[in-house]
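Notes for the structure review
Here is how the chains run, residue by residue.
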Amino acid sequence: MKKLLLRAVTFFALLIAFTSCKDNCVETNTYRGYESVMISLNELRTSVKTLAPQDLVNPGKIYVKDNYLFINEVKKGFHVIDNSNPASPKAIAFIQVLGNIDIAVQGNILYVDSYTDFVAFDISNPTAIKEVSRVNEVFTYGTADGISWSYNANNQTIYDSKWKWYTTTQEVACDPRPYYYPVMYDSWNLSSFYSGSSNKATATNGAGVGGSTARFAIVNNHLYAVTNDEMKLFSLANPEKPVKDASIKLGFGIETIFPYKDKLFLGTTTGMQIWNNENPNNPTYLSRLDHVRACDPVVVENDIAYVTLRSVNNFTRCGAANANQLDVIDVSNPATPILKKSYTMESPYGLGIDNKKLFICEGRGGLKTFNATNPMDIQQIQHFKEMDTFDVIPLNGTLMLIGKDGLYQYDYRDVNNLKLLSKILVKKEN
């Protein structure tokens with residue numbers, strides 16, 4: 001009997017030990033991180049090609065010229081869309097241009113950045129776009145989609161990264177946490193709109209119209225390209241062969257540029273700058289209006305500047321301050337801009353203004369429309385929530401809206417009742 005009992009105790013002790021050894025769970029974590037990319041100048045300059053129409057996957061800047069839309073696919077090139085009928089836009093082609101973020105057009109020549117280079121394309125035949133010239137090694141670094149790149153002139157190599165989803169698994173003790181679910185998060189969740197000109201007031205001298213997040217602007221046969229700390233000038237006297245002129249130091253955190261009358265308005269992470277552009281060959285500094293550190297697109301109409309400030313969390317390069325708002329600034333005397341009023345917003349990105357009709361992108365919060373007849377008493381009209389938006393162009397009654405989920409177009413002639421004309425949704429990556 002004692003021997004039998006001893007055997008039973010031994011059996012149960014072994015069973016408990018065996019169970020304890022196997023009493024582990026598997027925890028799965030999925031996160032978004034970086035994967036390094038290196039590109040040689042030769043690879044960069046031989047990669048340009050015209051492809052069949054492609055799906056929108058990661059759209060960036062949007063630009064309008066006549067009946068055509070040009071939509072940047074971040075760091076990959078740009079889509080060409082026939083928009084002669086906004087209710088039925090037709091994709092024509094995709095032009096592969098590595099490192100492309102910004103777009104501007106004057107006449108029949110389209111200008112883009114391609115990492116370190118500045119490239120001109122002939123678009124007189126939109127179905128057969130061709131490169132006509134490039135200015136080499138103009139830009140040395142940049143930021144797009146929350147990732148920075150840099151150029152090393154010594155080995156003529158561009159160093160970049162791209163987002164990549166990673167999955168890790170590990171065994172963990174089950175007892176402290178009896179139920180496990182996959183964890184998914186971004187290691188960084190940043191946006192930089194980077195991002196030109198904005199709205200119909202800038203469509204002059206044969207130039208097209210860009211969004212409020214643009215870093216390119218064309219005025220009087222000159223193209224201005226702003227980087228994080230400089231404004232680079234290009235002469236377009238011979239449109240097919242742009243020539244780089246001066247570079248002007250601007251300070252840190254430059255994000256966007258908006259030309260209005262004979263002034264250039266720069267949105268920065270710390271304030272709005274105003275530059276006198278009476279001499280297009282030599283813009284001169286006039287003034288700035290400081291604000292808390294936040295992302296800062298700007299548009300202007302009737303000597304009133306509208307500035308959105310966005311600062312979501314500690315991980316955004318715009319700063320950690322809680323400043324999600326619309327600022328209304330009197331710029332009738334550009335030497336002394338005056339903040340007149342601020343309106344609380346959710347998480348504002350790009351914006352557009354046309355004849356006192358104001359449109360503000362709220363990121364995942366969608367699109368808001370406002371009556372800005374009285375800038376001191378702006379009234380919200382509509383809120384479209386089921387979209388993720390970051391820039392907008394109101395032009396001749398058609399509102400062109402770009403966001404993480406695609407292109408939307410509305411008829412805004414009746415600002416109290418926007419009507420959806422069409423949409424091109426992004427293709428979700430697996």
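Scanning all chains against the criterion turns up ten aromatic pairs. With a centroid separation of 5.2 Å and 80° between ring planes, the pair formed by Tyr115 and Trp149 is classed as edge-to-face. Taken as a pair, Tyr115 in the loop between β8 (109-114) and β9 (117-122) and Trp149 in strand β12 (residues 147-152) lie far apart in primary sequence, 34 residues in all. Trp149 sits in the buried class, given a relative accessible area of 9%. Aromatic ring contacts, followed pair by pair, group Tyr111, Phe118, Phe216 and Phe234 into a single cluster. Positioned above the aromatic ring of Tyr349, the side-chain terminus of Arg310 is 3.7 Å from the ring centre.

This paragraph deals with the sheet that holds strand β7 (residues 103-106). The strand order across the open sheet built from four strands is β7-β8-β9-β10, with neighbouring strands paired in antiparallel fashion. This sheet does not close on itself; its edge strands, each paired only once, are β7 and β10 (130-135). Ignoring which end each strand starts from, the neighbouring axes of this sheet average 25° apart.

Neither face of β7 is left uncovered, since the one carrying Ile103 and Val105 and the one carrying Ala104 and Gln106 both have all their residues buried. Judged from the four bridges that link them, β7 and β8 form a sheet pairing that is antiparallel. Of the residues in β8, the one forming a bridge with Ile103 is Val112.

Of the residues in the chain, 83% have a pLDDT of 70 or more, and the chain-wide mean is 86. Counting interchain partners and residues more than four positions distant, the pLDDT-below-50 stretch residues 1-21 has zero contacts. The low-confidence segment residues 177-204, where pLDDT is below 50, has 104 contacts with residues more than four positions distant or belonging to other chains.

Quick look at the sheet that holds strand β29 (residues 357-361) now. Pairing is antiparallel in the open sheet, where four strands are placed in the order β28-β29-β30-β31. With partners counted over all chains shown, the strands left at the sheet margins are β28 (351-354) and β31 (379-384), one partner each. Each neighbouring strand pair of the sheet contributes to a mean axis angle of 20°, computed without reference to strand direction. By the bridge criterion, five bridges tie β29 to strand β30 (residues 367-371) in an arrangement that is antiparallel.

Moving on, we come to unusual backbone geometry. A positive phi is found at Asn221, a non-glycine position, where the angle reads about 60°. Structurally, Asn221 can be placed in the loop between β16 (216-219) and β17 (222-226). Residue classification places Asn221 among the partly exposed positions, given a relative accessible area of 40%. Phi angles above zero are rare outside glycine, and Asn302 is one such case at about 55°. Among the structural elements, Asn302 can be located in the loop between β24 (298-301) and β25 (304-309).

On to the environment of Asn221. In this structure the C-alpha to C-alpha distance between Asn221 and Ala237, which are 16 residues apart in sequence, comes to 5.9 Å. With near-sequence residues (within four places) excluded, Asn221 lies in contact with Gln106, Phe234, Ser235, Leu236 and Ala237.

About the cut-offs
- Residues numbered from 1 in each chain as written.
- Predicted model: local features only at pLDDT ≥ 70, side-chain atom pairs only at ≥ 80, totals over all residues.
- Heavy atoms only, no water.
- Phe/Tyr/Trp six-rings, centres within 6.5 Å; stacked < 30°, edge-to-face > 60°.
- Helix = DSSP H or I, 4+ residues; strand = E, 2+ residues; numbered from the N terminus.
- Buried < 20%, exposed > 50% of the residue type's maximum accessible area, 1.4 Å probe, protein only.
- Lys NZ or Arg CZ within 6 Å of the ring centre and 35° of its normal.
- Pairing = 2+ DSSP bridges.
- Axes fitted to C-alpha atoms, helices over the stretch in contact; angles between N-to-C directions.
- pLDDT = per-residue confidence, 0-100.
- Contact = heavy atoms within 4.5 Å.

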